[in-house]
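# Coordinate analysis (summary)
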Amino acid sequence: MDFFKIFMFLFIIIANIIGFFVFFKKKSIYLSALTILCLAIVFGGAGSLLAIAIINDPFAIFFGLQIGYILMINGVIVLLIAVLKTVVKKINSVM
């Protein structure tokens, strides 16, 4: 089971690094959050296929769903930070 935890952390780190590069290339934190949310679907499916191939059990698909769930929470947190940043920027421009 430690093998799958390593893959889970690897997928999470890769998704965040890709989101980080998108942020610095496009200068949009909203696009970065959208990228992480889209990668949640991609990496969730990849994790499911990987677990099914290794374990040979249909219930291994839940491993990929767990990766997708964690990455979706991560993407929502980035999106909330983006909204908070925008609200603070609007408040500071009014004052």
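Okay, so let's go over this structure.

Reading the values: rules and limits
- Residues numbered from 1 in each chain as written.
- Predicted model: local features only at pLDDT ≥ 70, side-chain atom pairs only at ≥ 80, totals over all residues.
- Heavy atoms only, no water.
- Patch = residues over 30% accessible without salt bridge, like charges linked within 9 Å, V, L, I, M, F, W, Y side chains within 5 Å.
- Areas by Shrake-Rupley, 256 points an atom, 1.4 Å probe, with all protein chains shown as cover.
- Salt bridge = Lys/Arg side-chain N within 4 Å of Asp/Glu carboxyl O.
- Helix = DSSP H or I, 4+ residues; strand = E, 2+ residues; numbered from the N terminus.
- Buried < 20%, exposed > 50% of the residue type's maximum accessible area, 1.4 Å probe, protein only.
- Contact = heavy atoms within 4.5 Å.
- Axes fitted to C-alpha atoms, helices over the stretch in contact; angles between N-to-C directions.
- Left-handed = near helix turned anticlockwise from the far one by under 90°.
- Nonpolar A, V, L, I, M, F, W, Y, C, P; charged D, E, K, R; others polar.

### Section: a nonpolar patch on the surface
The grouping of F9, I13, I17, F20, F21 and F24 at the surface amounts to a nonpolar patch, some 650 Å² of accessible area in total. You can see F21 is positioned in helix α1 (residues 2-26).

### A closer look at unusual backbone geometry
One non-glycine residue, K27, lies in the positive phi region at around 60°. Considering the arrangement of structural elements, one finds K27 in the loop between α1 and α2 (29-55). In this structure K27 comes out as exposed when scored by relative accessible area, which is 59%.

### Examining the side chain of S32
Tracing the sequence through the fold places S32 in helix α2. Residue classification places S32 among the buried positions, given a relative accessible area of 6%. Apart from the residues within four sequence positions on either side, S32 is in contact with G19, F20, V22 and F23.

### Focus: the packing of α1 against helix α3 (residues 61-94)
The contact between α1 and α3 brings their axes to 10 Å, and the two run at 35°. Every pair of crossing elements has a handedness; the one defined by α1 and α3 is right-handed. Contacts between α1 and α3 pair F4, F7, M8, F11, I12, A15 and N16 from the former with F63, Q66, I67, I70, L71 and N74 from the latter. The class makeup of the residues in the contact of α1 with α3 is 10 nonpolar, 3 polar and no charged.

Everything listed here is a matter of geometry and, on its own, says nothing about what the molecule does.
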